[in-house]
Amino acid sequence: MTKFRHLPAAGRAIIIVVAIGVLAIAIVACATSYNAIYRLVGQLGLYSYRINQAFPLLLDAAFLVAELAAILGGIMRAVTHSDEVTAGWPGTAMLLCGLGTIGFNVGHAYLLGGRGDPLTVWRCVVAALPPILMMVSFQVLIAIVKWVMLHLGRPLNSAAALTPTAMPYGMAPPGQYGLFPPHSVYGQVPSAGQQGAGQNGHGELPEPTKRAAVELHLSRLSPQELGVATGSSVVAAMAGQGIAVEETYAGRILGEWRVNHPAPTKARRKGSR
């Protein structure tokens, strides 16, 4: 199974630098937004001193929670295959919190000088910049996480994102629905002991059964998909079916399959005509 440490050193360094940079931007943006919202709410005289201290944290915290909920919604939609799972509410919360943070910062900047102050416009522009940079930076970081997960064979919008990389000794792998079965099969999913029945007693499928499952998966791939398939992608596909396969084992079967089932060439297709 491909892991983060298997990525090229340059790629790992870029990911770490970007993550540190996003964290630094978030800290500065949260500090500026907190200060602006705290001063604005204090001027309005709506709440007590303690509430005024906590209020500025609501928008940024709610934005991050909604962002994570939207990612989880994409994973659960792939797991359940249900239209009931959507990212509508998390997306709405992200939009409201983002606009709210920008609005509070701009409102505070506007009240400092008012319409007649020639610096009011520039104050509003400067005040809006930190929260916008923070939101864009988080989107960049999430995009990088999606790319890395895709390279590891565990796209964030698929059930494989929640599939464990390896099962402890003595435990059976998850069933065909992964860790989160669809709601239509709740109550029908066998226990770990039932899943291990008929196997070698350790929750591990016999090698002929594993090979048959891998070959069945390869037989369903188109020539283009077979051409770009890798051992890690086969491992991820098998993990989605609840079958644990080593990457080297999957790669060996993939190589043998390509030799025994070569893709048809143009010359062969013309000859067949």
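Let us look at the structure shown here. Everything numeric here is computed off the predicted structure, so don't read it as measured data.

**With respect to the packing of helix H3 (residues 56–80) against helix H4 (residues 88–113)**
And then number 1: The interhelical angle for the contact between H3 and H4, taken along N-to-C directions, is 155°, at an axis separation of 8 Å. For the element pair H3 / H4, the angle class is roughly antiparallel. Note on packing geometry: the crossing formed by H3 with H4 is left-handed. The residues of H4 that touch H3, namely those facing Leu59, Asp60, Ala62, Phe63, Ala66, Glu67, Ala69 and Ala70, are Pro90, Ala93, Met94, Cys97, Gly98, Gly100, Thr101 and Phe104.
And then number 2: Residue composition of the contact of H3 with H4, by class: 11 nonpolar, 3 polar and 2 charged.

**Some remarks on the nonpolar core**
And then number 1: One finds Val214, Leu218, Val234, Met238 and Val245 to be the most contacted residues of the largest nonpolar core, which totals 15 residues.
And then number 2: The biggest single contributor to this core is helix H10 (residues 247–260), with 5 residues.
And then number 3: Each residue touching leucine 218, except ones within four places of it in the same chain, is listed here: Leu226, Val234, Ile253, Leu254 and Trp257.

**Remarks on H10**
And then number 1: Over its 14 residues, H10 extends 20 Å from the first C-alpha to the last, a length consistent with the 20 Å expected when each residue adds 1.5 Å.
And then number 2: Buried residues of H10: Tyr249, Ala250, Ile253, Leu254 and Trp257, and no others. For H10, the arc enclosing every buried residue in end-on projection is 135°, short of the 170-degree limit, so these residues lie on one face. The outward face of H10, more than 90 degrees from its buried face, is lined by the exposed residues Thr248 and Val259.

**Digging into H4**
And then number 1: Here H4 spans 38 Å end to end across 26 residues, near enough to the 38 Å set by a 1.5 Å rise per residue.
And then number 2: Buried residues of H4: Pro90, Met94, Cys97, Gly98, Thr101, Asn105, His108 and Ala109, and no others.
And then number 3: On its buried face, H4 sits against helix H1 (9–44), H3 and helix H5 (120–151).
And then number 4: Directly after H4, the chain includes glycine 114, whose backbone phi takes a positive value near 80°.

**Considering the side chain of serine 137**
And then number 1: Here serine 137 lies in helix H5.
And then number 2: When near neighbours in sequence (up to four residues on either side) are disregarded, serine 137 contacts Val22 and Ile25.

**Some words on the packing of aromatic side chains**
And then number 1: What the rule picks out here adds up to 3 aromatic pairs.
And then number 2: Taking 6.1 Å as the distance between ring centres and 5° as the angle between the ring planes, the aromatic pair formed by tyrosine 34 and tyrosine 38 counts as stacked. Within this pair, tyrosine 34 and its partner tyrosine 38 are both found in helix H1, separated by 4 residues, close to a single helical turn.
And then number 3: Given the relative accessible area of 27%, tyrosine 38 is considered partly exposed.
And then number 4: Aromatic side chains tyrosine 47 and phenylalanine 55 sit 5.7 Å apart centroid to centroid with 25° between the ring planes, which places their arrangement in the stacked category.
And then number 5: Among the aromatic residues, ring-to-ring pairing joins Tyr47, Phe55 and Phe104 into one connected group.

The rules behind these values
Residues numbered from 1 in each chain as written. Predicted model: local features only at pLDDT ≥ 70, side-chain atom pairs only at ≥ 80, totals over all residues. Heavy atoms only, no water. Axes fitted to C-alpha atoms, helices over the stretch in contact; angles between N-to-C directions. Helix = DSSP H or I, 4+ residues; strand = E, 2+ residues; numbered from the N terminus. Parallel < 35°, antiparallel > 145°, perpendicular 65-115°, else oblique. Left-handed = near helix turned anticlockwise from the far one by under 90°. Contact = heavy atoms within 4.5 Å. Nonpolar A, V, L, I, M, F, W, Y, C, P; charged D, E, K, R; others polar. Core = buried A, V, L, I, M, F, W, Y, C linked by side-chain atoms within 4.5 Å. Buried < 20%, exposed > 50% of the residue type's maximum accessible area, 1.4 Å probe, protein only. Expected span 1.5 Å × (residues − 1). Arc of directions from axis to C-beta. Phe/Tyr/Trp six-rings, centres within 6.5 Å; stacked < 30°, edge-to-face > 60°.

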